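An overview of the molecular structure
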Amino acid sequence: MKAMGTYLNPGCKGFETITNGIYVDKTGLIDYINHTIDTPLKLTCFSRPRRFGKSFAAKMLCAYYDRSCDSRTLFEGREISRRDSFEKGLNQYNVVYLDITWFISRAKNKGVNVVQDLQQAVIRELEEAFPGCVEMGETYLPDALSEVTRKAAGRFIVIIDEWDALFREAKNEKRLQKDYVDLLRGLFKGGPATDESIAAAYMTGILPIKKYGTESALTDFREYTMTSPGRLAEYVGLRRRK
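What counts as what
- Residues numbered from 1 in each chain as written.
- Predicted model: local features only at pLDDT ≥ 70, side-chain atom pairs only at ≥ 80, totals over all residues.
- Heavy atoms only, no water.
- Helix = DSSP H or I, 4+ residues; strand = E, 2+ residues; numbered from the N terminus.
- Contact = heavy atoms within 4.5 Å.
- Areas by Shrake-Rupley, 256 points an atom, 1.4 Å probe, with all protein chains shown as cover.
- Axes fitted to C-alpha atoms, helices over the stretch in contact; angles between N-to-C directions.
- Parallel < 35°, antiparallel > 145°, perpendicular 65-115°, else oblique.
- Nonpolar A, V, L, I, M, F, W, Y, C, P; charged D, E, K, R; others polar.
- Pairing = 2+ DSSP bridges.
- Expected span 1.5 Å × (residues − 1).
- Buried < 20%, exposed > 50% of the residue type's maximum accessible area, 1.4 Å probe, protein only.
- Core = buried A, V, L, I, M, F, W, Y, C linked by side-chain atoms within 4.5 Å.
- Lys, Arg positive; Asp, Glu negative; His and termini not counted.
- Salt bridge = Lys/Arg side-chain N within 4 Å of Asp/Glu carboxyl O.
- Disulfide = S-S within 2.5 Å.

1. Things to note about the overall build of the chain
Helices and strands together make up the secondary structure of the chain, namely 12 helices and 5 strands. Considering only residue pairs separated by 6 or more positions, the chain has 74% of its internal contacts joining residues 24 or more positions apart. In the structure as shown, the chain presents an accessible area of about 11700 Å², 49% of it carried by carbon and sulfur atoms.

2. Brief notes about the packing of helix α8 (residues 141–152) against helix α10 (residues 174–188)
Where α8 meets α10, the closest approach of the two axes is 8 Å, and the angle between their N-to-C directions is 25°. By the angle between their axes, α8 is roughly parallel relative to α10. Seen from α8, the contacting residues are L141, P142 and L145; seen from α10, they are L183, G186 and L187. A breakdown of the residues in the contact of α8 with α10 according to their chemical character gives 5 nonpolar, 1 polar and no charged.

3. Brief notes about the sheet that holds strand β5 (residues 222–224)
Taking strand neighbours across the sheet as the criterion, the 5 strands line up as β2-β3-β4-β1-β5 in an open arrangement whose pairing is parallel. Each edge of the sheet is formed by a strand with only one pairing partner; in this case those strands are β2 (94–99) and β5. The sheet shows a mean angle of 15° between the axes of neighbouring strands, taken without regard to direction. Bridge count for strand β1 (residues 43–47) against β5 is 3 bridges, and the pairing is parallel.

4. Points about α8
For α8, built from 12 residues, the straight-helix expectation of 16 Å at 1.5 Å per residue is met to within 8% by its first-to-last C-alpha distance of 16 Å. When we look at burial in α8, the residues that qualify are L141, P142, A144, L145, S146, E147, V148 and T149. Buried residues along α8 sit against β2, α7 (114–129), β3 (156–161), α10 and α11 (192–197). A positive phi of about 55° marks A153, the residue just after α8.

5. Some thoughts on the pairing of β1
By the criterion of burial, β1 is predominantly enclosed, with 5 of the 5 residues buried. The two faces of β1 match: L43, C45 and S47 on one face and T44 and F46 on the other face are all buried. Of the strand pairs in this sheet, β1 and strand β4 (residues 198–205) are connected by 5 bridges, and their pairing is parallel. Following the sheet pairing, F46 is matched in β4 by T204.

6. Examining the nonpolar core
In terms of nonpolar packing, the biggest core is built from 44 residues, with I100, L126, I160, W163, Y180, F188 and F221 touching the most fellow members. One finds Y65, I80, F86 and Y93 within the second-largest nonpolar core, a separate group that totals 35 residues.

7. What about helix α2 (residues 28–36)?
An α-helical segment advances 3.6 residues per turn. Residues three or four places apart therefore align on the same side. Counting buried residues along α2, 8 of its 9 residues qualify, which places the element largely inside the surrounding structure. Each element contacted by the buried residues of α2 is listed here: β1, α3 (54–65), α4 (72–75), α5 (86–89), β4 and β5. Just past α2, the residue D38 takes up positive phi, approximately 60°.

8. Concerning the side chain of E125
Inspection of the secondary structure assignment puts E125 in helix α7. Despite its burial, E125 remains without a salt bridge, the nearest opposite charge being carried by R124 at 7.4 Å. The contacts of E125, once residues within four sequence positions are left out, are G5, T6, Y7 and L8.

9. Focus: the state of the cysteines
Under the counting rule described, the total for this entry stands at 0 disulfides. For the unlinked cysteine C12, the closest cysteine sulfur is that of C69, found at 3.9 Å. Overall, C12 belongs to the buried group, its relative accessible area being 14%.

10. Comments concerning the pairing of β3
Every regular strand shows the same layout, with side chains that alternate between the two sheet faces. Of all 6 residues that make up β3, 6 are buried, and the element is covered over most of its length. On β3, burial covers both faces: F156, V158 and I160 on one face and I157, I159 and D161 on the other are all buried. By the bridge criterion, 6 bridges tie β2 to β3 in an arrangement that is parallel. Each bridged residue has a counterpart across the sheet, and for V95 the counterpart in β3 is I157.

Right, dumping it as structure tokens:
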């Protein structure tokens, strides 16, 4: 199966390009995410400053989980290939990948329609990939994901890079922020999409969730920050050679 699109199953080219340069192996992060799949800990948020590899990690996860490509050779010989969970998720899921900074930069209208434009962009790709599985005229992404899961038996790994970019880029757009939080709530607050469709989610941002007062939408995320990285400390910044 070929890569499907920009947002749905984007393939492994992004991670392949990264590994063609100087790459510090952080594929062990995949092992952690694998162990959260279909558990109460399946929602992970990793807060890091700029230039600390947030996008690299997001593209790595896309390449590993994306069922539209065969990325085995990219991971063979790396840390994840030596873990028992290596085969668990390798190219087994549909991936929804949202780079919020990139989307905002290309959006025709940075006002109240940005959140709806984002949903429609993903829904169009779902319609193309799963004909007849999304109700005609569907405009709400969580419902579209649930429809695909029920009709095509496809489950999703959701990866959101720079989730907080909209708050930074549209500081005074309170209605836009509310629409965005409502979308996140629909995806991750225990509704049909969360329970039926989303096997796991990985979200990155610059500042911790609490900085933006969105706890009501994102309280179910297990959050790891630069100051409280917990068991993921070795994947924050550079690590020493063993």
